[in-house]
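What follows is the residue order along each chain.
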Amino acid sequence: MIEAIHTETQRVDTSGQSVHRHMGVFVLVLTSHGDEGCIIGSDRVYIRLTDIYDLLSPRNFPAMRGRPKIVIVQACAGCKFTMFSLTLITWHHIPLLSK
């Protein structure tokens, strides 16, 4: 899962520029099982949400610097309770309205 997100944030077009450079917002939706602060990938590996957020930081995703990154996580947070967390990530691209 973490590799797929990283690959998406680093995608470039034929000119070598980020495919995200003209996008106004980046939205990722993650739906899975989880534990507190983690989501479980299809490979059953636990991924910390902070590691996902770090992939979206300006340092790691410079094409989207200064633009909103929306990550919607729907996963249980362990056996004590169920959580729906709206934080700020599906690969739907919304172009900038003005340049």
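### Overview of the sheet that holds strand β4 (residues 46-48)
At step 1: Pairing in this open sheet of three strands is antiparallel, and the strands run β2-β3-β4 from one edge to the other. Across the chains shown, the open sheet's two edge strands, defined by having one partner strand only, are β2 (34-35) and β4.
At step 2: In terms of strand pairing, strand β3 (residues 38-40) meets β4 through three bridges, oriented antiparallel. Counted as the bridge partner of I39 is I47 from β4.

### Some thoughts on the confidence of the model for the protein
At step 1: Chain-level pLDDT for the protein is 82 on average; 78% of the residues reach the 70-or-more range.
At step 2: Per-element mean pLDDT across the protein ranges from 47 in strand β6 (residues 82-86) up to 94 in helix α2 (residues 49-55).

### Describing the pattern of salt bridges
At step 1: For the structure shown, the criterion picks out four salt bridges.
At step 2: Notably, a salt bridge pairs D13 with R21, separated by 2.9 Å at the nearest N-O pair.
At step 3: Note on D13: relative accessible area 26%, which makes it partly exposed.
At step 4: R21 sits in the partly exposed class, given a relative accessible area of 27%.
At step 5: Across the pair R59 and D54 runs a salt bridge, and its minimum N-O distance is 3.0 Å.
At step 6: Taking the relative accessible area as the measure of exposure, R59 reaches 61% and is therefore exposed.
At step 7: Exposure remark for D54: the relative accessible area of 34% places this residue in the partly exposed category.

### What to know about the environment of G41
At step 1: When you line up the elements, G41 lands in the loop between β3 and β4.
At step 2: Relative accessible area serves as the criterion here: at 7%, G41 is assigned to the buried category.
At step 3: A sequence separation of 40 residues divides G41 from M1, and the C-alpha atoms of the two residues are 5.8 Å apart.

### Brief notes about the side chain of S18
At step 1: Residue position: S18 is located in the loop between α1 (2-9) and β1 (23-31).
At step 2: Note on S18: relative accessible area 15%, which makes it buried.
At step 3: Apart from residues no more than four positions distant in its own chain, S18 is found in contact with R11, V12 and A63.

About the thresholds
- Residues numbered from 1 in each chain as written.
- Predicted model: local features only at pLDDT ≥ 70, side-chain atom pairs only at ≥ 80, totals over all residues.
- Heavy atoms only, no water.
- Pairing = 2+ DSSP bridges.
- Helix = DSSP H or I, 4+ residues; strand = E, 2+ residues; numbered from the N terminus.
- pLDDT = per-residue confidence, 0-100.
- Salt bridge = Lys/Arg side-chain N within 4 Å of Asp/Glu carboxyl O.
- Buried < 20%, exposed > 50% of the residue type's maximum accessible area, 1.4 Å probe, protein only.
- Contact = heavy atoms within 4.5 Å.

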